[in-house]
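Coordinate inspection notes
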Amino acid sequence: MTDGWWIMLHLVIIIAFIIVLYLMQRKHASFTKRVFAGLGLGIGYGAVLQWLHGVDHPVVHTVNDWFDIVGGGYVRLLQMVVIPLIIVSIISAILNVTAKAGVGKMSAVIIGLLIGTTAIAAAVGIASALAFDLSALDIEAGKQELERGNFLDSKLDEVSEMTIPKQVLEFIPANPFLDMTGARQTSTIAVVIFSAFAGIAALGVARKKPEHGAMFKSMIDALHAIVMRMVTIVLRLTPYGVLALMTRVVSTTTPGEIIKLGEFVLASYVALLVMFVIHLLLMALSGVSPIRYVKGALPALVFAFTSRTSAGSIPINVDTQTGRLGVPESFANFSASFGASMGQNGCAGIYPAMLAVMIAPTVGIDPATPGFLLQLVAVVAVSSFGVAGVGGGATFAALIVLSSMNLPVALAGLLISVEPLIDMGRTALNVNGSMTAGLLSSRWLGQWDKERFLHQEANIHDDIV
């Protein structure tokens with residue numbers, strides 16, 4: 001069969017899968033079941049594509065290009081609503097936040113949880129790297145790895161002079177409209193800060209000129225309803241997006257590359273799973289059922305795993321927290337927005353810590369010394385501010401940490417072949433960390449809706465299910 005006929009056959013099969021998911025929706029299959037159906041179909045079909053043609057075959061690339069209309073288009077639609085969602089949600093949260101949990105206290109607890117769990121994640125990453133005895137000395141560099149190393153070296157100038165005060169300064173938006181385009185690494189948190197300023201200003205206006213305050217609140221409420229409706233419409237496409245994204249990942253990941261760096265992949269996922277368990281333990285200690293949490297959070301975690309974008313996961317993150325986990329909108333909006341740009345347990349915690357431990361022996365440093373370990377955990381926690389919640393955020397975090405520890409950054413390029421595979425788990429942990437922060441902060445401050453959490457299947461939006 002010619003390549004053209006193979007492509008036509010695969011496109012017909014893809015359309016058939018999409019129809020199957022649509023029929024499941026028409027028959028009112030639960031949102032979770034449809035997401036996992038998309039995941040299963042994507043894994044199976046991706047494996048078949050690779051088995052039939054191989055990773056680098058033109059048929060695989062062409063089929064994935066067509067399928068990317070579904071997967072990439074879905075991610076773009078989510079990214080489209082991220083900034084409007086952050087702006088109206090943060091302003092609405094401030095205007096509607098209860099006196100019992102003020103904005104300052106709520107923000108402090110959420111940020112504290114994000115940064116605190118990132119420091120714990122760094123320690124977990126260090127322990128995993130040491131337990132598996134990982135070292136960059138044991139990895140052979142090929143052409144692709146050398147090119148990646150040179151690229152990272154060229155990027156070093158962007159972070160070499162980024163002191164902590166300068167990093168903090170980068171959070172402050174000089175031009176909020178520029179940040180709304182996502183032009184900077186810290187654009188997401190800059191938009192959060194701008195929105196918080198707007199919300200606080202609106203509260204002041206409401207006290208002095210109630211009629212203007214009421215008019216502005218009415219306008220924000222209307223905008224919030226419209227944006228949330230947009231989010232709902234996009235989230236309906238989640239099963240289709242997961243199907244397409246998973247097909248691409250499986251069909252283009254070479255088993256040989258995974259085997260070559262299998263020990264690092266295994267060590268990474270051990271660390272990610274341990275940190276996930278720590279999140280669940282924190283919930284259990286706070287009186288929250290870990291089993292019910294996992295059941296409610298799964299659709300958001302599956303999307304984060306397949307899409308590899310923390311920022312793009314903000315809409316489904318917020319919807320999951322409010323619809324399934326009993327988290328008030330104000331807490332959900334703050335934790336999802338802050339969690340996409342700071343305190344990322346996977347990309348800014350585990351990953352750079354493991355890299356530092358691996359690379360230290362190449363310059364004669366014993367990574368097991370207490371002084372090195374304490375310094376590394378502190379640097380990881382501080383540098384986790386402002387890490388972009390999109391593809392490449394982990395690289396930016398690694399550059400900051402490695403340069404701060406005076407370690408060669410080019411050696412991080414040795415892992416490029418398994419980067420997408422590891423990034424899937426890292427992103428899922430990032431999103432889980434932000435949802436954990438939202439749930440625990442609302443629980444600790446007495447704002448958690450336990451009844452909604454216990455009856456999550458009945459509470460999630462009917463038009464999404």
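Where an unreviewed UniProt entry is consulted, the protein chain appears under the name L-cystine uptake protein TcyP, with the organism given as Paenibacillus apiarius. Under Subcellular location (unreviewed entry), UniProt gives the following word-for-word description of the protein chain: "Membrane".

1. What about the nonpolar core?
Grouped together as the largest cluster of nonpolar side chains are 110 residues, with contacts concentrated most on Y293, L376 and L439. At 15 residues, helix α3 (residues 58-96) tops the list of elements feeding residues into this core. The residues contacting L376, other than those within four sequence positions of it, are I126, A353, A356, V357, V401 and M405.

2. Things to note about unusual backbone geometry
Peptide bonds are trans in most cases, and residues, glycine excluded, mostly fall at negative phi. Even without being a glycine, H28 presents a positive backbone phi close to 65°. By the secondary structure assignment, H28 is in the loop between α1 (3-26) and α2 (31-53). In this structure H28 comes out as exposed when scored by relative accessible area, which is 67%. In this structure, D133 takes a positive phi of about 55° despite not being glycine. Residue position: D133 is located in the loop between α4 (103-131) and α5 (143-160). For D133, a relative accessible area of 60% puts it in the exposed group.

3. Notes on the confidence of the model for the protein chain
The predicted structure's coordinates, where accompanied by low pLDDT, should not be read in detail. Looking at the protein chain, pLDDT values average 83 and 85% of them are 70 or higher. Segment residues 458-463: pLDDT under 50, and eleven contacts once partners within four positions in sequence are set aside and those in other chains are kept.

4. Side note on the UniProt feature "transmembrane region" (unreviewed entry) in the protein chain
Here, the residues flagged by UniProt with the feature "transmembrane region" (unreviewed entry) are residues 6-23, 35-53, 73-97, 109-132, 187-206, 226-246, 266-285 and 338-360. The span residues 187-206 is 100% helix and 0% strand, and its two end C-alpha atoms sit 28 Å from each other.

Parameters at a glance
- Residues numbered from 1 in each chain as written.
- Predicted model: local features only at pLDDT ≥ 70, side-chain atom pairs only at ≥ 80, totals over all residues.
- Heavy atoms only, no water.
- UniProt positions renumbered as here; feature names shortened; annotations may be inferred.
- Core = buried A, V, L, I, M, F, W, Y, C linked by side-chain atoms within 4.5 Å.
- Buried < 20%, exposed > 50% of the residue type's maximum accessible area, 1.4 Å probe, protein only.
- Helix = DSSP H or I, 4+ residues; strand = E, 2+ residues; numbered from the N terminus.
- Contact = heavy atoms within 4.5 Å.
- pLDDT = per-residue confidence, 0-100.

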